[in-house]
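Secondary and tertiary structure notes
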Amino acid sequence: MSNKFDDFLAEQLKEPEFRAEYEALQPERAVIQAMIDARRSSGMTQKQLSEITGIAQSDISKLENGSSNPSIRTLQRLASGMGMTLKVEFVPARLGQ
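Let me begin by describing the structure that accompanies this report.

Procedures and definitions
- Residues numbered from 1 in each chain as written.
- Predicted model: local features only at pLDDT ≥ 70, side-chain atom pairs only at ≥ 80, totals over all residues.
- Heavy atoms only, no water.
- Salt bridge = Lys/Arg side-chain N within 4 Å of Asp/Glu carboxyl O.
- Helix = DSSP H or I, 4+ residues; strand = E, 2+ residues; numbered from the N terminus.
- Buried < 20%, exposed > 50% of the residue type's maximum accessible area, 1.4 Å probe, protein only.
- Core = buried A, V, L, I, M, F, W, Y, C linked by side-chain atoms within 4.5 Å.
- Contact = heavy atoms within 4.5 Å.
- Phe/Tyr/Trp six-rings, centres within 6.5 Å; stacked < 30°, edge-to-face > 60°.
- Lys NZ or Arg CZ within 6 Å of the ring centre and 35° of its normal.

1. Quick look at the pattern of salt bridges
A side chain of one charge can pair with a side chain of the opposite charge if their charged atoms are brought near each other. For the coordinates displayed, the defined rule picks out four salt bridges. For E23, the salt bridge is made with R19, and the minimal N-O distance between the two is 3.3 Å. Of the two residues, E23 and R19 both sit in helix α2 (residues 16-24), four residues apart, roughly one turn of that helix. Owing to a relative accessible area of 40%, E23 belongs among the partly exposed residues under this scheme. As a salt-bridge pair, K87 and E89 come within 3.8 Å of each other at their nearest N and O atoms. Like E89, K87 is exposed.

2. Some thoughts on the nonpolar core
Ranked by size, the top nonpolar core spans 10 residues in total: M35, A38, M44, L49, I55, I60, L63, L75, L78 and M82. For this core, the elements supplying multiple residues, two or more each, are α3 (26-41), α5 (57-64) and α6 (72-81). Leave out the neighbours within four places in its chain, and L75 touches V31, M35, P70 and L86.

3. Looking at the side chain of R39
Position of R39 relative to the elements: it lies in helix α3. Not counting residues within four places of it along the chain, the set of residues in contact with R39 comprises M44, T45, Q46, L49, E64 and M82.

4. Structural notes on the packing of aromatic side chains
Taken as a whole and assessed by the stated rule, the structure comprises one aromatic pair. Between the aromatic rings of F18 and Y22, the centroid separation amounts to 6.2 Å while the plane-to-plane angle is 15 degrees, which identifies the pairing as stacked. Taken together, the positions of F18 and Y22, both in helix α2 and four residues apart, correspond to about one turn of that helix. Look at F18 and you get partly exposed, because its relative accessible area is 32%. Between the NZ or CZ atom of R29 and the centre of the ring of Y22, over which it lies, the distance is 3.9 Å.

Spelled out as structure tokens, the structure:
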């Protein structure tokens, strides 16, 4: 089921410059979504994660809304606080890119 945003995005993605920029930001969006999914699957609130890791809740919020870029060390602290380990991976690029 599509919504107005999905329809708008689909229209915008028809523009080559917009598509290139959108695709360039995909890794950042993937990290943000992975952080949010990990925290939710661990059943933690931002406040609880903050208390465990010592990272301010406001900083966790900034990371999750994309207004701040985390360091690898910060991602490791967050992962550890959720009882997880951080895995960073390099995969072959798709042909034609």
